[in-house]
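Coordinate analysis (summary)
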Amino acid sequence: MKNTIVKDAIVLFLITLISGAALGVVHEVTLEPIAIAQQKAANETYREVFPDAFEFTTSDELQAAVDKANEEAQGWGFGKVTVNACLEAKNEAGEILGYVVNSTSAEGYGGNISISVGIDKEDKILGLGFLSISETAGLGMKAKEPAFRDQFTGKDGSGQITKIKSGAADDTQFNALSGATYTSSAVENALNTGLKFMHEYVEQ
């Protein structure tokens, strides 16, 4: 009986070891394709929010600005937010046309909402897109629809953009999603995080 228990334990250990190793191999094999797919999706979003750009590049200086901003972002009054990246939007000649800023609010209804916003040198918002969003279908997920996203294009990005429940939004406002207060607030906070970062950490 004792020998049987020992043998069973050894067999179980070997099965667990082999299974763990197999899962590790699968994870490593799929890691690169997933990263490539994510980068491809991000690049498509960048072109949506800054259509005139030929390429998007970052630099050590911009990354340092991102790191510094994130040390202070929790005191900006936008809740749980982070700046994820900042890229220069360039034309074919390598001239900087403006910037793309990626930022996240952790306070969406379904968790993190990560956006990307294109801003030209005149502080005009050229577009807003989503890098990550997992909200309620038919409510918060309507944020991805053109009816919501397109209203940001052409807005004045020199200050804060605030949400309103209804009515005609002016150049510094946007119409919130009906029945999706958390989603609308998270987008508002993520957007204003990106704009503040631009004004105080890049445009100096």
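Structure shown above.
In this report, we go over the structure that sits alongside the text. (Residues numbered from 1 in each chain as written. Predicted model: local features only at pLDDT ≥ 70, side-chain atom pairs only at ≥ 80, totals over all residues. Heavy atoms only, no water.)

The next thing to look at is helix H4 (residues 181-202). The end-to-end C-alpha separation of H4 is 30 Å, in line with the 32 Å expected for 22 residues at 1.5 Å each. Within H4, 16 of the 22 residues are buried, which leaves the element mostly enclosed by the surrounding structure. (Helix = DSSP H or I, 4+ residues; strand = E, 2+ residues; numbered from the N terminus. Expected span 1.5 Å × (residues − 1). Buried < 20%, exposed > 50% of the residue type's maximum accessible area, 1.4 Å probe, protein only.)

Let us look at unusual backbone geometry. Look at Asp-123: it is not a glycine, yet its phi comes out positive at around 65°. Inspection of the secondary structure assignment puts Asp-123 in the loop between strand S4 (111-120) and strand S5 (125-132).

For the rest of this paragraph, the subject is helix H2 (residues 60-72). Over its 13 residues, H2 extends 19 Å from the first C-alpha to the last, a length consistent with the 18 Å expected when each residue adds 1.5 Å. Residues of H2 that are buried: Leu-62, Ala-65, Val-66 and Ala-69. The arc that holds the buried residues of H2, viewed along the axis, is 100°, so those residues lie on one side. For H2, exposure combined with an orientation more than 90 degrees from the buried face picks out Asp-60 and Glu-71. In the core, the buried residues of H2 are packed alongside strand S2 (81-90), strand S3 (96-108) and H4. (Arc of directions from axis to C-beta. Contact = heavy atoms within 4.5 Å.)

Of all hydrophobic cores here, the largest spans 36 residues; its most connected members are Trp-76, Cys-86, Phe-130, Phe-148, Phe-152, Leu-191 and Phe-197. When residues of this core are traced back to their parent elements, those giving at least two are H2, S2, S3, S4, S5 and H4. The element that contributes the greatest number of residues to this core is H4, accounting for 9 residues. Other than its neighbours up to four places away in sequence, Leu-191 contacts Ser-103, Ile-115, Val-117, Ile-125, Leu-128, Phe-152 and Ile-161. In this structure, Ala-42, Tyr-46, Val-49 and Leu-87 belong to the second largest nonpolar core, which totals 9 residues. (Core = buried A, V, L, I, M, F, W, Y, C linked by side-chain atoms within 4.5 Å.)

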